[in-house]
Structure formats: structure tokens, C-alpha cells
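Here's the letter readout for the chains.
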Amino acid sequence: MVEISTLGSCVTRDIIRIANHDELFKMKGNVGHISPITMFSEPLENCDDIIKIIQNYSTGFNKRNAIMDLNSNSFEFLLANRSEWILVDLMDIRFDYFEKGEQRVSFFENHQQITDGLLTLKNRGFTLRNAKDIPTETVYAAIDKLAEKLSEHWAPEKIIVVNDIPQEMLLFEDRNKDNGYLKEARAAQPGYMHHLNILNKYLRDKLGCNMINMPPMQITPCSLTHTFGVYPCHYTDDVYRYLFHQICAIVFPEKADYYEVLKLNTLENIRKTYYRSLRADVRKTLSDDVIKLCSIDRMFDYFRQLRVLENCVVCVTVKGSVGMYFNSAMQKLFFTLGLGEELVRQLWSGYVGVVSSGITLFDEKSEKNKEVEYIDEIEFSHFYVSSKPTAAGNSSQVIINGTDYSLNLRGLNVIVYDLATQRTVDSVCFDTSKKELTMTRKPDLLTGDELVRVGLKKMQGR
């Protein structure tokens, strides 16, 4: 078991706490919630009254760190619990701080008793400094001092800088907007987001040590709250595992290839999770084109509307028989949708067609009395679509993420999956063995508000 210490934010701590399932590491020193700018300042004298207020707070980790920062002995604590390896990040440099001469104390407003205690510093002539207004030279001087102290006690190959901010575009959910509008976090938090990657890399270069990076996400939805396991304040377990695998590859170089495979597998899970989250944030309501589709109950009008849908997957599957009333006019509708198999008078063949956002993914007719099936992932949703004619099982299935949405009725079963909201929005069947081409629709796929919109579309169409 390898002993390891952490210096920085709770993100770096939680890489070991959350992902260390095999207990490869034992955490020793753990210092956080202290800005590198305040870490090596002059200690406060006669601060027992402030400590007494902070002592009322019951959580030991935050209380301990606040008191250590008042006494400016956090690095001494780290050395007293010194380990072979150390993880470091600079996220806590974003904290505001109180300043009076050479005395500085980090200020963060996440625990009331600690906040109440630190605010009494104003009565002692301390000034509250906003992190985003800190002069550049002050920031780099603090990082230089931190690098100097670390180099005195750890060899470069035993230090790992955690670059714990996503390196590309950062987005967060504006909770004041009902539509989940996304704004660029760099504009909202320039001192926090814009420079942290640069500072982490500066520390790495100063130390000549290792560095691990966040997953390469081009766009990641996030909230600037400390809840729900989201970017950037707290991450999902998969993100911790992604970072953990990088640490293991450095500490255990003989198994680097093994951990590289684990890292890539975890990255795939992260992409799926954030893609779904982003879609849900960008659009929470169905488009007017989808609502119009759900108001149509005639086959020709329905297939014409399918052609105009965007960000939707359309699955068409036959149960039993394509039906004697499937004619050349209907075949032309299939052609315009991108489905080219000739189905007229093909009474005993199975058929599956899959179109995603106007692109034909699958279009196959089986041999007589044979089954045909399609299995794939479409934008991180799993699809299983099958067609069995009468003599081969007589069924239709459209299973999306484990749920079968097909009505499984005679004729053409059509299922529409909306990629923007990541859900099935319509499931219908046209009985092509009847001249009337009777349509049946699966109930309960839409919400009450959406059904109202469908009703309005029906009224407008009359």
C-alpha cells in the first residue's frame, strides 16, 4: 500500500477517497480550503475568540483547516503526516481572503459558523480582498513559495499536480432561466476558470513534476453549485476514476498500459453521461414538429411529417406481414424518408428501417419467413429493433435502453425517439392488412402539457 497526501481542494482529496476501491493508497496528510496565498503568511496573535466561534462547527475537516490557516501552520501539519507521494492542486487559490499587513486568512462562505468567526477580523482592521482582484504578481509569488516548500521535502517524481478544471469550453446552467439556458462560465468567473489551467501548468513546470488532467470534454454542462456531482465543483464518480487511473499509471509504471485501458473505458462512460445531461439542459420541451407528428392519425400525413423531423430517430418494423394494402404510393413515402427496400407484395418477409436525423442507418428486408434485426448505439442510446414475420415468430420489437416501445401489432410499427430530450415520443402502428390503414397509438408517452399542445395542433389542422 502506497502512502499519499493531498494539498488543495476537496476534488483532489476525493480522487483517493472515492476511486480507491482496491485500497492501493493510504491517505495521510490532507490539507484543503486554504489558499496558497494565505498558507505561508504571518500567523494571527490572540485569535482565541475567533477559534472559539469556529469550534462550534461540528465538522472536523473544515474546522481544522480554518484554524490551521489562522495559525499559518497547515504546511507543518502536512509535514508531520508526510507521505511518499503528494497530490497538489490550485483550485483553492480562488478564495477571497482577509489581509492586514503580512497576515492573511482564507475566506469561504460555505459554513456559517466559520464565516461568522472570520468576519470578526473586520473589527481588527483586516480588509477583505476579492480573489478576482488579486494582482498577478501576488498570485505567482504564492505559487513560487508553494513550489519552493514542496521541493524541499518531495522529489519531483513524487509530486503530482492535479489539473482539476476541464481544459476546454466550460458551461454552466443558468438556474434563473426556465429553459435551462447555458452560459459560458469563463465570462462569469474570469478569475476562477480562465486562469486555473494556466496556473496549474505553471506549478507543474516550476516543480518539474507529473501532472494529470481532467477528461477532454469539448462541451460539458455543469452547475456552479456544490451538489449533485456535477462540473466543476464536484464531479461524478467516473471523473474521479479517470483521474485515479492516471495517478496509478504514474505510481505503478509497470501497469501503465493496464490503467490506460481503464482510463479510456471510463472516458467513454463520461462522454455518455455528459452528452445526455447536455441534451436535457439544452432542450427540455419537444419541438413543434414532434408535437405536430403526435397530432396526426393518417398514414400518408404521418410519413410526410416524419420527413421534416430533426434530432429524431425513426424506427419502422413489420409484424407478421407488410400487408396487401401496402402499395406503390406508400413505397414512395418510404423512399423520400430514405428507406429504399421494395416492400410492395413482399407479404412474408420481415423488415426493419432505421433513420436518424435524415440519415439512413439501416434498411433491410429479410428472406421469406426469416427474422431481421438491428442492434446499435445511436448517440449513446442503445437500440434493438427486430421484425419477425408470421412463420418466424410473428412479432415486432423496438427496445430502447431496455424498454420495448413497439405496439407489436399487425402491420407497420413506427417508433420515434427524440434525441434532444432523450426519450421515446411516439409509437404507432398502421394495419396495412386493412384498406382503412387503421392507426393505433401507444398512450402515456407524453406529459399533460405536451398533450395539450398536441390537442391545439389537431384543432389548427382542421
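Residues numbered from 1 in each chain as written. Predicted model: local features only at pLDDT ≥ 70, side-chain atom pairs only at ≥ 80, totals over all residues. Heavy atoms only, no water.

### Some words on the sheet that holds strand β6 (residues 127-129)
Two pairing modes exist for strands in a sheet, parallel and antiparallel, and in both the strands are linked by backbone hydrogen bonds.
Then step 1. The three strands lie next to each other as β5-β4-β6, forming an open sheet whose pairing is antiparallel. Edge strands, defined here as strands with exactly one partner in the open sheet, are β5 (103-107) and β6. Strand-to-strand twist in this sheet, taken as the mean axis angle between neighbours without regard to direction, amounts to 30 degrees.
Then step 2. Pairing between strand β4 (residues 96-100) and β5: five bridges, direction antiparallel. Considered in β5, the bridge of Tyr97 is made with Ser106. (Pairing = 2+ DSSP bridges. Helix = DSSP H or I, 4+ residues; strand = E, 2+ residues; numbered from the N terminus. Axes fitted to C-alpha atoms, helices over the stretch in contact; angles between N-to-C directions.)

### Brief notes about the side chain of Ser396
Then step 1. By secondary structure assignment, the location of Ser396 is in strand β19 (residues 395-400).
Then step 2. Here the side chain of Ser396 touches Ser406 through a polar contact of 2.7 Å, side chain to side chain.
Then step 3. Excluding anything up to four places from it in sequence, Ser396 contacts Thr317, Val318, Lys319, Ser386, Asp404, Ser406, Asn408 and Asn413. (Polar contact = N/O pair within 3.5 Å; in protein donor to acceptor, adjacent residues only side chain to side chain. Contact = heavy atoms within 4.5 Å.)

### Side note on unusual backbone geometry
Then step 1. Positive phi outside glycine occurs at Asn401, with the angle close to 50 degrees.
Then step 2. Counting through the fold element by element, Asn401 comes out in the loop between β19 and β20 (403-404).
Then step 3. At Leu437, a residue that is not glycine, the phi angle is positive and equals roughly 50 degrees.
Then step 4. Within the secondary structure, Leu437 is located in the loop between β22 (423-430) and β23 (439-441).

### So, the pattern of salt bridges
Then step 1. The tally for this structure, following the rule as stated, stands at 17 salt bridges.
Then step 2. Across the pair Asp288 and Arg453 runs a salt bridge, and its minimum N-O distance is 2.8 Å. Taken as a pair, Asp288 in helix α12 (residues 288-293) and Arg453 in helix α15 (residues 448-461) lie far apart in primary sequence, 165 residues in all.
Then step 3. Note on Arg453: relative accessible area 26%, which makes it partly exposed.
Then step 4. Between Arg441 and Asp426 there is a salt bridge whose closest N-O contact spans 2.8 Å. A residue pair is termed long-range when its members are at least 10 positions apart, and Arg441 in strand β23 and Asp426 in strand β22 qualify at 15 residues. (Salt bridge = Lys/Arg side-chain N within 4 Å of Asp/Glu carboxyl O. Buried < 20%, exposed > 50% of the residue type's maximum accessible area, 1.4 Å probe, protein only.)

### Digging into the sheet that holds strand β17 (residues 372-378)
Then step 1. Read from one edge to the other, the open sheet built from four strands follows the order β17-β18-β19-β20, with strand pairing classed as antiparallel. Two strands in the sheet have a free side with no partner beyond their single neighbour: β17 and β20.

### Some details on the packing of helix α1 (residues 10-19) against helix α10 (residues 237-251)
Any two packed helices are characterised by the angle at which their axes cross and by the distance between the axes.
Then step 1. Running from amino to carboxyl end, α1 crosses α10 at an angle of 90 degrees, the nearest separation of the two axes being 9 Å. Classified by the interaxial angle, the pair formed by α1 and α10 is roughly perpendicular. Side by side, α1 and α10 meet where Val11, Asp14, Ile15, Ile16, Ile18 and Ala19 of the first sit next to Asp237, Tyr240, Arg241, Leu243, Phe244 and Ile247 of the second. (Parallel < 35°, antiparallel > 145°, perpendicular 65-115°, else oblique.)

### Observations regarding the pairing of strand β1 (residues 2-8)
In summary, the side chains of a regular strand alternate between the two faces of the sheet.
Then step 1. The buried fraction of β1 is high, at six of seven residues.
Then step 2. Taken together, the six bridges between β1 and strand β2 (residues 25-32) define a ladder with parallel strand orientation. Across the sheet, residue Leu7 finds its bridge partner in β2, namely Val31.
Then step 3. Once you follow β1 into α1 and on to β2, the crossover reads as right-handed.
Then step 4. The pairing of β1 with strand β3 (residues 85-88) spans four bridges and is parallel. (Right-handed = clockwise from strand over helix to strand, strands pointing away.)

### With respect to the nonpolar core
Then step 1. Ranked by internal contacts, the top residues of the largest apolar core, which has 58 residues, are Leu7, Phe25, Leu150 and Leu203.
Then step 2. With eight residues, α10 is the single largest residue contributor to this core.
Then step 3. Those residues in contact with Phe25, other than ones at most four positions away along the chain, are Met1, Val2, Ile4, Ile16, Asn20, Phe244, Ile247, Cys248, Val251 and Phe252.
Then step 4. Core analysis: the next-biggest nonpolar cluster, separate from the first, contains 36 residues, Leu286, Met299, Cys312 and Leu333 among them. (Core = buried A, V, L, I, M, F, W, Y, C linked by side-chain atoms within 4.5 Å.)

### Observations concerning the confidence of the model for the protein chain
Then step 1. Looking at the protein chain as a whole, the pLDDT averages 82, with 84% of positions reaching at least 70.
Then step 2. Counted against residues more than four places away or in other chains, residues 168-194, with its pLDDT under 50, gives 67 contacts.
Then step 3. In this model residues 218-234 is a low-confidence stretch, pLDDT under 50, and it forms 54 contacts with partners more than four residues away in sequence or in other chains. (pLDDT = per-residue confidence, 0-100.)

### Details of the packing of aromatic side chains
Then step 1. Throughout the structure, instances matching the rule amount to 14 aromatic pairs.
Then step 2. When the ring of Phe25 is compared with that of Phe252, the centres are 5.8 Å apart and the planes differ by 45 degrees; the resulting orientation is tilted. With Phe25 in strand β2 and Phe252 in the loop between α10 and α11 (256-282), the pair connects residues that are 227 residues apart, well separated along the chain. Taken as a pair, Phe25 and Phe252 share a single burial class, namely buried.
Then step 3. Residues Phe383 and Tyr417 carry aromatic rings whose centres are separated by 5.4 Å and whose planes lie at 85 degrees to one another, so their mutual orientation is edge-to-face. Of the two residues, Phe383 sits in strand β18 (residues 381-388) while Tyr417 sits in strand β21 (residues 411-418), which places them 34 residues apart along the sequence. (Phe/Tyr/Trp six-rings, centres within 6.5 Å; stacked < 30°, edge-to-face > 60°.)

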